[in-house]
Amino acid sequence: MSRLPAGSAYTTVRLGVHLIRPVLPGAAALRCEGVALHVGRTTATAEARVTGAADGKLYAHGTTTCAVLRTG
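With the rule as written, the count across this model stands at one salt bridge. With a closest N to O distance of 3.2 Å, Arg31 and Glu33 form a salt bridge. The exposure class assigned to Arg31 is partly exposed, which follows from its relative accessible area of 48%. For Glu33, a relative accessible area of 45% puts it in the partly exposed group.

Structural data, given as structure tokens:
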């Protein structure tokens, strides 16, 4: 949403989430990083990863495709 022009909105067309390992009570800190891969006039795609802040172990990753709705 932060990369869309003012007056735009979006809705999710496709969402894929892969849970790799559990996050248990007392677990160490996690880091989530997301990146917009493509932001066009009608569609946008992004991906994200959740990793251990100290050890870099992968906990989850996902991708999304969104329809861009220009209201202005």
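Next comes the rest of the write-up.
Moving on, we come to the packing of aromatic side chains. Tallying each qualifying case throughout the model produces zero aromatic pairs. The ring centre of Tyr59 lies 5.7 Å from the NZ or CZ of Arg21, which sits over that ring.

Here we come to a nonpolar patch on the surface. Together, Leu15, Val17 and Leu19 make up an exposed nonpolar region whose accessible area comes to about 360 Å². Inspection of the secondary structure assignment puts Val17 in strand β1 (residues 8-19).

So, on to the pairing of strand β3 (residues 43-52). Bridge count between strand β2 (residues 30-39) and β3: nine bridges; the pairing is antiparallel. Counterpart to His38 in the pairing with β3 is Thr45. Counting the residues that bridge the hairpin from β2 to β3 gives three residues. Of the pairings in the sheet, the one linking β3 to strand β4 (residues 58-70) comprises nine bridges and is antiparallel in character. In the sheet register, Val50 faces β4, and the bridge partner there is Ala60. Hairpin connection from β3 to β4: five residues lie between these consecutive antiparallel strands, with Gly56 at a positive phi of about 75 degrees.

The full count for this structure, using the stated rule, is zero disulfides. Counting only cysteine sulfurs, Cys66 is the nearest neighbor of Cys32, a cysteine outside any disulfide, at a range of 15 Å. With relative accessibility at 10%, the residue Cys66 sits in the buried group.

Basis of the calculations
- Residues numbered from 1 in each chain as written.
- Predicted model: local features only at pLDDT ≥ 70, side-chain atom pairs only at ≥ 80, totals over all residues.
- Heavy atoms only, no water.
- Salt bridge = Lys/Arg side-chain N within 4 Å of Asp/Glu carboxyl O.
- Buried < 20%, exposed > 50% of the residue type's maximum accessible area, 1.4 Å probe, protein only.
- Phe/Tyr/Trp six-rings, centres within 6.5 Å; stacked < 30°, edge-to-face > 60°.
- Lys NZ or Arg CZ within 6 Å of the ring centre and 35° of its normal.
- Patch = residues over 30% accessible without salt bridge, like charges linked within 9 Å, V, L, I, M, F, W, Y side chains within 5 Å.
- Areas by Shrake-Rupley, 256 points an atom, 1.4 Å probe, with all protein chains shown as cover.
- Helix = DSSP H or I, 4+ residues; strand = E, 2+ residues; numbered from the N terminus.
- Pairing = 2+ DSSP bridges.
- Disulfide = S-S within 2.5 Å.

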